[in-house]
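Architecture and fold: a report
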Amino acid sequence: MEKTRFEWDEDKDRENQSKHHVSFSAAQHAFLDPCRVIAEDITHSGEEGRFYCIGQVNDGIMTVRFTRRGNVIRIFGAGYWRKGRKIYEAENKIHR
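In this report, we go over the structure that sits alongside the text.

Parameters and conventions
Residues numbered from 1 in each chain as written. Predicted model: local features only at pLDDT ≥ 70, side-chain atom pairs only at ≥ 80, totals over all residues. Heavy atoms only, no water. Salt bridge = Lys/Arg side-chain N within 4 Å of Asp/Glu carboxyl O. Helix = DSSP H or I, 4+ residues; strand = E, 2+ residues; numbered from the N terminus. Buried < 20%, exposed > 50% of the residue type's maximum accessible area, 1.4 Å probe, protein only. Contact = heavy atoms within 4.5 Å. Pairing = 2+ DSSP bridges. Axes fitted to C-alpha atoms, helices over the stretch in contact; angles between N-to-C directions.

1. Here's the deal with the pattern of salt bridges
This structure, assessed with the given rule, holds 6 salt bridges. Here Arg5 makes a salt bridge to Glu7, at a shortest N to O gap of 3.8 Å. As a salt-bridge pair, Arg14 and Asp11 come within 2.3 Å of each other at their nearest N and O atoms. Residue Arg14 and its partner Asp11 are both found in helix α1 (residues 10–20); the two are separated by 3 residues, about one turn of the helix.

What follows is the structure, given as structure tokens:
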């Protein structure tokens, strides 16, 4: 059984860090949250399925946009977005 691994485009990672202040290396940690939420991105899914992983990273709720290719999770966007937090809180029945 092959272990799941992560990959990303380095230029896209630098662009994401500049725009959203989140590295794709840090974004991997959202997948470790046992309460994470995985949702399909039906707006942008075409030939290849696209998804969101919404999970806690440090003190915040991070949303990671990704696709899966076999045992590889390819990250192409990440940030601390309000919509992701709302979904996470609703799915985990967190009341503020």
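2. Observations regarding the environment of Asn16
With respect to the helices and strands, Asn16 occurs in helix α1. Take Asn16: its relative accessible area is 7%, and that puts it in the buried class. For the pair Asn16 and Ala78, spaced 62 residues apart in sequence, the C-alpha separation works out to 7.0 Å. Once residues within four sequence positions are removed from consideration, Asn16 is found in contact with His21, Val22, Phe24, Gly77 and Ala78.

3. Overview of the sheet that holds strand β5 (residues 72–79)
Here 5 strands make up an open sheet; going across it, the order is β1-β5-β4-β3-β2 and the pairing mixed. Bordering the open sheet on either side are β1 (5–7) and β2 (37–40), each of which pairs with just one other strand. Averaged over all neighbouring strand pairs, the angle between strand axes comes to 35 degrees, with direction disregarded. Examined bridge by bridge, strand β3 (residues 50–57) and strand β4 (residues 60–69) share 8 bridges and lie antiparallel to one another.

None of this, on its own, says anything about what the molecule does.
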